[in-house]
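# Structure at a glance
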Amino acid sequence: MILVLRALGVGDLATAVPALRALRAAHPDRELVLAAPAWLAPLVELVGAVDRLVDTPELGRIGWAGAPPRLAVNLHGRGPQSHRMLAAVRPGRLLGFANPSAGFADGPAWDESEHEVRRWCRLLDWYGIPADRCDLTLRRPPSAVVPTGVSVLHPGSKIVGKRWPADRFAALARELTARGHRVVLTGSPDERELAVRVADVAGLPADAVLAGRTGLRELAAVVAYARVVVSGDTGVAHLATGFATPSVVLFGPVPPAVWGPPPDRPRHRVIWAGERDWPSWDGVGSHPSLTALGVEEVSAAVDEVERESGAVTA
């Protein structure tokens, strides 16, 4: 049996897909168990490489009651805490990045600037397990219970500084609606108030606000069958990459070199102004690298990815 730790969120799971599939291909006859938050189960099903999920909502202790796994793989971080979590279940072998403070000298060195997808593929490559960094595609969920062909705007983010201003999302929604798009607003229950505010300013009907009304399975389906997705650097952007849905991702302050979609995919467009010199930021509201992005620029990017997607096979 193989136990893999990735106790994080949607984008984190999506970026670990190539590594998970590489482990499945290398050990086709072993059960692959993922230690991750239980609420990610609908998305784990779409990965297609995992046999079982062990609810692990955060770093601390893995609720492991069975025999020690033959192999444990740390796809969570560099350690030491995540290394120690896996070591506590007494695996036959542990794969991870070198971390002497965790008593773990094996493995490659950690690279802070490395893209998240490449990081975990490089880890496995170091141990002789080949991984394809381009193997990001997720299975499409059923579409029967969600609107299809909609243009998804996702104004929220857990980190407020990574949000494009709400009034600009509203202006973009008005413009896209005038051009014939059916705009919907997605988000978590905590982001519903933000989505309602954007909808009110944009003049969208109440049923355009899907934020807080969809579970992860339904949200994934909305993204999978959408016309286009516009969001910040958050989990929805990674879903759009996984489903090859045309997308525009607004980055800041974290650079796309670390979390962005693959640069060789023309149906995904990154807008990033973070290379400029910014005045000091007080930590309130959107980061200056996002307030620098105008509605016209984002609207033009939507046009570009739609044109590109018409010539690219999903």
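Below is a summary of the structure that appears in this document. On a predicted model such as this, the values are computed, not experimentally measured, just so you know. (Residues numbered from 1 in each chain as written. Predicted model: local features only at pLDDT ≥ 70, side-chain atom pairs only at ≥ 80, totals over all residues. Heavy atoms only, no water.)

## Some details on the sheet that holds strand β1 (residues 2-5)
To be explicit about the condition: Any two strands are treated as partners once DSSP identifies two or more bridges connecting them. Under the scheme used here, helices are H or I runs from DSSP no shorter than 4 residues and strands are E runs no shorter than 2 residues, and both carry numbers assigned from the N terminus. Between N-to-C directions, angles span 0 to 180 degrees; the directions come from axes that are lines fitted to C-alpha atoms, helices contributing only their stretch in contact. The contact definition used throughout considers only heavy atoms, calling two residues in contact when any of these lie within 4.5 Å.
Read from one edge to the other, the open sheet built from 5 strands follows the order β3-β2-β1-β4-β5, with strand pairing classed as parallel. Two strands bound the open sheet, and with one partner strand each, they are β3 (52-55) and β5 (93-95). For this sheet, the mean inter-axis angle between neighbouring strands, taken without regard to orientation, is 20 degrees. In this structure, strand β2 (residues 32-36) lies alongside β3, joined through 4 bridges in parallel fashion. Directly across from Ala-36, in β3, lies its bridge partner Asp-55. Sitting on the sheet, helix α2 (residues 17-26) touches β1, β2 and β4 (71-74), and the angle it makes with β2 is about 155 degrees.

## Comments concerning α2
Using the following cut-off: Think of it in three bands: residues with accessible area under 20% of the maximum for their type are buried, residues over 50% are exposed, and the middle band is partly exposed, with areas taken using a 1.4 Å probe on protein chains only.
Counting buried residues along α2, 8 of its 10 residues qualify, which places the element largely inside the surrounding structure. Structurally, α2 contributes buried residues whose contacts are with β1, α1 (10-15), β2, α3 (41-47), β4 and α5 (116-126).

## So, the nonpolar core
This is how the line gets drawn: As used in this record, nonpolar core signifies buried Ala, Val, Leu, Ile, Met, Phe, Trp, Tyr and Cys residues forming a set joined through side-chain atoms within 4.5 Å.
Among the nonpolar cores identified, the biggest contains 66 residues, and Val-4, Leu-20, Leu-43, Ile-62 and Val-73 are the most heavily contacted of them. For this core, the element with the highest residue contribution is helix α8 (residues 216-224), accounting for 7 residues. Apart from residues lying up to four places away in sequence, Ile-62 is in contact with Leu-3, Leu-5, Ala-35, Val-54, Thr-56, Met-85 and Leu-86. Among the nonpolar cores identified, the runner-up in size contains 32 residues, and Trp-164, Phe-169, Val-198 and Ala-208 belong to it.

## Thoughts on α8
Counting buried positions along α8 gives 7 out of 9 residues, so the element sits mostly inside the fold. All buried positions along α8 are accounted for by Leu-216, Leu-219, Ala-220, Ala-221, Val-222, Val-223 and Ala-224. On the buried face of α8, the contacting elements are α1, α3, β6 (151-154), β8 (228-232) and α9 (235-243).

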